[in-house]
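Inside the fold
What follows is each chain in one-letter form.
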Amino acid sequence: MAKRAAVPAGPLGDDFSFVSPVAKYMLFFFNLLFWMISMVMVAVGLYARLLKHAEAAMACLAVDPAILLIVVGVLTFLITFCGCVGSLRENICLLQVFSVCLTIIFLLQLAAGVLGFVFSDEARGKVSEIINGAIVHYRDDLDLQNLIDFGQKEFSCCGGVSYKDWSQNMYFNCTATNPSRERCSVPFSCCLHDADQAVINTMCGHGMQARGYLEASAFIHTNGCIDKLVNWTHSNLFLLGGIALGLALPQVVGIVLARLLINQIRDQIKLQLYNQQHRADPWS
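Going by what an unreviewed UniProt entry lists, the protein is known as Tetraspanin and is assigned to Molothrus ater. Checking UniProt for the protein, the heading Sequence similarities (unreviewed entry) contains the comment "Belongs to the tetraspanin (TM4SF) family."

Listed below in structure tokens is the structure:
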């Protein structure tokens, strides 16, 4: 039996294309959506950053949610820009950059998840370091302050390991030389609140660090947020797995579409070269 020819017997029509419009425009609109989301993230981050005082901006860059939002937004903007223009213009170079960047991000997320699970003690130590750093800069950054208050309310906790961790903050420090009016206090988000309480007493945590655990537990949450966070993580593994899958799935779809489109564009280039060759030499 004769073998099937590896190339067409003659040049195909000029209107034939290996590039699928479905794959091309699906990848384009996929990137366009995340491109617009990235612009919103950058705008919100810049707006939040510009509202802050210059002193606060220099004090806690490492823990500023606005800076994190801007960085993530800019990276997303650049990557999705390559995907948008690359798919629309059928540019292999831009599609390669888009595909490689998504692959690296996906592998980094996968590695972070595996390392966090394998080295759980080291991950716990890193979380503790981040929380302690956030406590130190609690009054320096309004966004950070709101984030900590939200976490302490949601997890019914106070401080990192215990409520006395708030002594690390210069305003809540419990030393006798501290002139602050909030000396030995904790934020109001540590306090126990009644469901029927209409007005929140923001001074409810005043002087609580000077009290023992048993005495203070009648007014505030004395357990730290690290243990609460670890327990919540163990209790919501399926939810966290679903979130991780939801983040990974668009990346995988983007990588697959980009690789598919790259191969189709390469086939189209080969076809164009083949057609040109046969038009120039019809006897070959």
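1. Some words on the state of the cysteines
Scanning the entire structure with this criterion turns up 4 disulfides. Across the disulfide, C174 is cross-linked to C184 (sulfur-sulfur distance 1.6 Å). Where C174 bonds to C184 through sulfur, the torsion about that S-S bond is close to 85 degrees, and the disulfide is right-handed. Here the residue C174 occupies a position in the loop between helix 6 (142–155) and helix 7 (213–216), and C184 occupies one in the loop between helix 6 and helix 7, the gap between them amounting to 10 residues. For C184, a relative accessible area of 4% translates into the label buried. Each sulfur of the disulfide joining C191 and C204 lies 2.0 Å from the other. Residues C191 and C204 are joined by a disulfide whose S-S torsion is about 105 degrees; by sign, that bridge is right-handed. Of the two residues, C191 is situated in the loop between helix 6 and helix 7 and C204 in the loop between helix 6 and helix 7; the sequence distance between them amounts to 13 residues. On the basis of relative accessibility, which here comes to 3%, the residue C191 falls in the buried class. For the protein, the bonded cysteines pair up as 1-8, 2-5, 3-4, 6-7 when numbered in the order they occur along the sequence. Its sulfur unpaired, C84 is 9.7 Å from the next cysteine sulfur, which belongs to C82.

2. Let's talk about the UniProt feature "transmembrane region" (unreviewed entry) in the protein
When the UniProt feature table is mapped to this numbering, "transmembrane region" (unreviewed entry) covers residues 25–48, 60–88, 94–119 and 237–262. The distance separating the terminal C-alpha atoms of residues 25–48 is 34 Å; by composition the span is 100% helix and 0% strand. The span residues 237–262 carries 100% helix and 0% strand; its end-to-end C-alpha distance comes to 37 Å.

3. Considerations on the pattern of salt bridges
Within this structure, the stated rule accounts for 4 salt bridges. The shortest N-O distance in the salt bridge between E90 and K24 comes to 3.1 Å. Remark: K24 occurs in helix 1 (residues 21–50) and E90 occurs in the loop between helix 3 (65–89) and helix 4 (92–118); sequence separation between them is 66 residues. E90 sits in the partly exposed class, given a relative accessible area of 30%. The exposure class assigned to K24 is buried, which follows from its relative accessible area of 11%.

Conventions and cut-offs
Residues numbered from 1 in each chain as written. Predicted model: local features only at pLDDT ≥ 70, side-chain atom pairs only at ≥ 80, totals over all residues. Heavy atoms only, no water. UniProt positions renumbered as here; feature names shortened; annotations may be inferred. Disulfide = S-S within 2.5 Å. Helix = DSSP H or I, 4+ residues; strand = E, 2+ residues; numbered from the N terminus. Buried < 20%, exposed > 50% of the residue type's maximum accessible area, 1.4 Å probe, protein only. Salt bridge = Lys/Arg side-chain N within 4 Å of Asp/Glu carboxyl O.

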